[in-house]
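# Results of the structural survey
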Amino acid sequence: MAFYHTSSKIGDVFFMTNDFGSAPKIFEHGTVSEDDFGLVKNTTSGGRFMWLALLGWTLDLASKYFFSRSPADQVLVPGFLSLTDHQNYGLIGNFPLPRYLIVLLTLAALVLVVKALVAARRQKDKAGMAGLSIILAGALGNLTDRLVHGYVYDWILLFNTSVINLADIMITAGIIIYVYSQMKGGAPAENTKQTGDC
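Quantities reported herein were computed from a predicted structural model and do not represent experimental measurements.

## With respect to the overall build of the protein chain
- Of the regular secondary structure elements, the protein chain holds five helices and seven strands.
- Each helix (α) and strand (β) of the protein chain, taken in turn from the N terminus, gives the series β-β-β-α-α-β-β-α-α-β-β-α.
- Contacts spanning at least 24 positions in sequence make up 58% of the contacts within the protein chain whose residues lie at least 6 apart.

Written as structure tokens, this is what we have:
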């Protein structure tokens with residue numbers, strides 16, 4: 001199938017023909033939904049959340065780079081918040097697992113997050129997309145550490161017991177946002193209008 005685009009004074013016009021040379025179909029931009037033709041007509045909304053994931057990923061890596069080169073063991077709020085220097089070779093809570101297994105589990109989780117992100121986009125669930133994008137950023141941040149260094153660098157010490165990083169905070173916040181979105185029922189119901197295949 002071939003897909004052509006041109007512009008006119010009355011708006012954007014798209015021409016669609018199949019590979020067998022049948023007569024082209026003409027429709028005006030904005031009158032046909034993505035679901036009608038199975039085409040990604042407008043990626044602006046989804047693109048914003050991809051930029052959100054990229055920004056979060058970058059901030060996490062930048063924070064790890066900065067604090068790994070800063071003096072450790074700085075008490076900011078006694079008994080509550082300190083800066084530290086910790087290398088986590090395990091899973092959550094330093095639970096020991098082989099590195100390859102942790103990477104495989106992380107990749108599997110990323111696949112699930114991306115699938116959920118695609119579903120949220122189809123439902124126009126902006127809160128769900130935001131939450132999943134933040135989860136994606138955090139997961140990518142920690143996965144990058146695993147692949148590059150063999151461990152995850154943690155620099156935030158809470159209550160003198162839990163050592164975390166910005167990626168962990170983003171994953172937790174993203175889960176909360178996504179669960180809240182699902183409890184609220186996500187976005188308004190999808191448009192169920194169906195048309196014939198082109």
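## Remarks on the environment of Leu-110
- As for its position among the elements, Leu-110 is in helix H3 (residues 99-122).
- For Leu-110, a relative accessible area of 10% puts it in the buried group.
- Spatially, the C-alpha atom of Leu-110 lies 9.9 Å from that of Leu-143, the residues being 33 residues apart in sequence.

## Some thoughts on the layout of surface pockets
- Of the volumes computed, that of the largest pocket is approximately 770 Å³.
- Forming the boundary of the largest pocket are 27 residues, of which Leu-91, Ile-92, Asn-142, Asp-168 and Ile-171 lie nearest the centre.
- Listed by contribution, the elements that provide at least two residues to the lining of the largest pocket are strand E5 (81-88), H3, helix H4 (126-149), strand E6 (152-158), strand E7 (162-164) and helix H5 (166-183).

## Description of H5
- End to end, H5 covers 26 Å across 18 residues, agreeing with the expected 26 Å (1.5 Å per residue, within 8%).
- Turning to H5, its buried residues are Ala-167, Met-170, Gly-174 and Ser-181. Viewed along the axis of H5, the buried residues span an arc of 55°, placing them on a single side of the element. Residues Ile-176, Tyr-180 and Met-183 are exposed on H5 and point more than 90 degrees away from its buried face.
- Measuring from the side-chain oxygen of the N-cap residue of H5 to the backbone nitrogen of Ala-167 gives 3.0 Å; that N-cap residue is Asn-165.
- Following H5 by one or two positions, Gly-185 has its phi on the positive side, about 90°.

## A short note on H4
- For H4, which comprises 24 residues, the first-to-last C-alpha distance of 34 Å matches the rise-based estimate of 34 Å (1.5 Å per residue) to within 8%.
- With 17 of 24 residues buried, H4 is to be regarded as a mostly interior element.

## Some points on the sheet that holds E6
- Pairing within the open sheet is antiparallel, and its four strands lie in the order E4-E5-E6-E7. Edge strands, defined here as strands with exactly one partner in the open sheet, are strand E4 (74-77) and E7. Along the sheet, successive strands turn relative to each other by an average axial angle of 40°, direction set aside.
- In this sheet, E5 lies alongside E4 in antiparallel orientation, the contact comprising three bridges. Its bridge partner lying in E5, Gln-74 is registered against Leu-83.
- Contacts from H5 reach E6 and E7, with the element oriented near 75° to E6.

Rules and cut-offs
- Residues numbered from 1 in each chain as written.
- Predicted model: local features only at pLDDT ≥ 70, side-chain atom pairs only at ≥ 80, totals over all residues.
- Heavy atoms only, no water.
- Helix = DSSP H or I, 4+ residues; strand = E, 2+ residues; numbered from the N terminus.
- Contact = heavy atoms within 4.5 Å.
- Buried < 20%, exposed > 50% of the residue type's maximum accessible area, 1.4 Å probe, protein only.
- 1 Å grid on protein atoms, 1.4 Å probe; cavity = no way out; pocket = protein on both sides within 12 Å on 5 of 7 lines; lining within 4 Å.
- Points joined across faces, edges and corners; volume = space filled by probe spheres on them.
- Expected span 1.5 Å × (residues − 1).
- Arc of directions from axis to C-beta.
- Polar contact = N/O pair within 3.5 Å; in protein donor to acceptor, adjacent residues only side chain to side chain.
- Pairing = 2+ DSSP bridges.
- Axes fitted to C-alpha atoms, helices over the stretch in contact; angles between N-to-C directions.

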